[in-house]
Amino acid sequence: QVQLVESGGGLVQAGGSLKLSCTASGRIFSIGNMAWYRQAPGKQRELVATIFSDSSTKYADSVKGRFTISRDNAKNTVNLQMTGLKPEDTAFYYCNAQIQMAIATTPLNYWGQGTRVTVSS
């Protein structure tokens with residue numbers, strides 16, 4: 001049906017940068033809002049950044065000025081450029097998208113499988 005696949009996670013030192021990407025594939029008519037969430041060990045999943053269908057963006061206070069979300073509608077991709085990484089950014093990062101599979105159908109919420117980001121001090 002529809003699949004979201006993330007890439008780009010890894011291990012980086014504090015102050016470093018990483019770029020996460022997430023591509024949607026399958027039966028897709030249109031994609032609405034796209035977002036990145038993260039979940040650290042023992043904590044709840046939290047919203048990191050959202051890019052709306054009009055390409056406006058919104059960020060969690062903890063990442064403002066450090067992370068940039070972008071999308072490529074032609075490639076059904078959402079990216080998260082992370083700079084100035086801190087140990088507290090360590091988490092599994094998940095992409096999320098509202099995807100409409102056919103015209104006049106209700107958009108459904110899809111999740112990627114997650115990619116691990118580890119920031120060492």
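Residues numbered from 1 in each chain as written. Predicted model: local features only at pLDDT ≥ 70, side-chain atom pairs only at ≥ 80, totals over all residues. Heavy atoms only, no water.

S.K.: What's the story with the packing of aromatic side chains in this structure? I'm lost.
M.R.: Two descriptors summarise a pair of aromatic rings, namely the distance from one centre to the other and the angle between the planes of the rings. Tallying each qualifying case throughout the model produces 2 aromatic pairs. Centroid distance Phe-92 to Tyr-94: 6.5 Å. Interplanar angle 35°. Geometry classified as tilted. Just above the ring of Tyr-94 sits the side chain of Arg-45; from NZ or CZ to the centre is 3.8 Å. Above the plane of the ring of Trp-111 lies Arg-45, whose end atom (NZ or CZ) is 4.7 Å from the centre. (Phe/Tyr/Trp six-rings, centres within 6.5 Å; stacked < 30°, edge-to-face > 60°. Lys NZ or Arg CZ within 6 Å of the ring centre and 35° of its normal.)

S.K.: How should I be thinking about the environment of Asn-73 in this particular structure?
M.R.: Looking at the secondary structure, you find Asn-73 in the loop between strand 7 (67-72) and strand 8 (77-82). Residue class for Asn-73 comes out partly exposed when judged on its relative accessible area of 47%. Spatially, the C-alpha atoms of Asn-73 and Gly-32 are 9.9 Å apart, while their sequence positions differ by 41 residues. A distance of 2.7 Å separates a polar atom in the side chain of Asn-73 from a polar atom in the side chain of Arg-71. (Helix = DSSP H or I, 4+ residues; strand = E, 2+ residues; numbered from the N terminus. Buried < 20%, exposed > 50% of the residue type's maximum accessible area, 1.4 Å probe, protein only. Polar contact = N/O pair within 3.5 Å; in protein donor to acceptor, adjacent residues only side chain to side chain.)

S.K.: Quick question: what am I supposed to make of the layout of surface pockets here?
M.R.: One water molecule sets the probe size; rolling that probe over the atoms shows where empty space is left. If you add up the space inside the largest pocket, you get close to 160 Å³. Surrounding the largest pocket, Arg-38, Ala-40, Lys-43, Gln-44, Glu-46, Pro-87, Glu-88, Thr-90 and Ala-91 form its lining. Along the lines of polarity and charge, the residues of the lining of the largest pocket split into 3 nonpolar, 2 polar and 4 charged. (1 Å grid on protein atoms, 1.4 Å probe; cavity = no way out; pocket = protein on both sides within 12 Å on 5 of 7 lines; lining within 4 Å. Points joined across faces, edges and corners; volume = space filled by probe spheres on them. Nonpolar A, V, L, I, M, F, W, Y, C, P; charged D, E, K, R; others polar.)

S.K.: For this particular structure, what's the right way to read the sheet that holds strand 8?
M.R.: Within a sheet, neighbouring strands are paired by backbone hydrogen bonds and run either parallel or antiparallel to one another. Judged by pairing direction, the sheet is antiparallel, and its 4 strands sit side by side in the order 1-3-8-7 without closing on themselves. With partners counted over all chains shown, the strands left at the sheet margins are strand 1 (2-7) and strand 7, one partner each. Within this sheet the neighbouring strands show an average axis-to-axis angle of 15°, counted without direction. Pairing of strand 1 with strand 3 (residues 18-26), which is carried by 6 bridges, proceeds in the antiparallel orientation. If you follow Glu-6 over to strand 3, its bridge partner there is Cys-22. (Pairing = 2+ DSSP bridges. Axes fitted to C-alpha atoms, helices over the stretch in contact; angles between N-to-C directions.)

S.K.: So what exactly am I meant to see when it comes to the nonpolar core here?
M.R.: Counting residues in hydrophobic clusters, the biggest one holds 31 residues, and the most contacted among them are Trp-36, Leu-80, Met-82 and Tyr-93. Sorting the residues of this core by element identifies strand 1, strand 3, strand 4 (30-39), strand 5 (46-51), strand 7, strand 8, strand 9 (91-100) and strand 11 (115-120) as the ones contributing at least two each. The element best represented in this core is strand 9, accounting for 5 residues. (Core = buried A, V, L, I, M, F, W, Y, C linked by side-chain atoms within 4.5 Å.)

S.K.: Looking at this structure, how should I read the pairing of strand 8?
M.R.: Strand 8 sits mainly inside the fold: 5 of its 6 residues count as buried. Pairing of strand 7 with strand 8 involves 6 bridges; the strand directions are antiparallel. Looking across to strand 8, one finds that Asp-72 is bridged to Thr-77. Here strand 7 hands over to strand 8 after 4 residues, with Asn-76 in that stretch at a positive phi of 55°.

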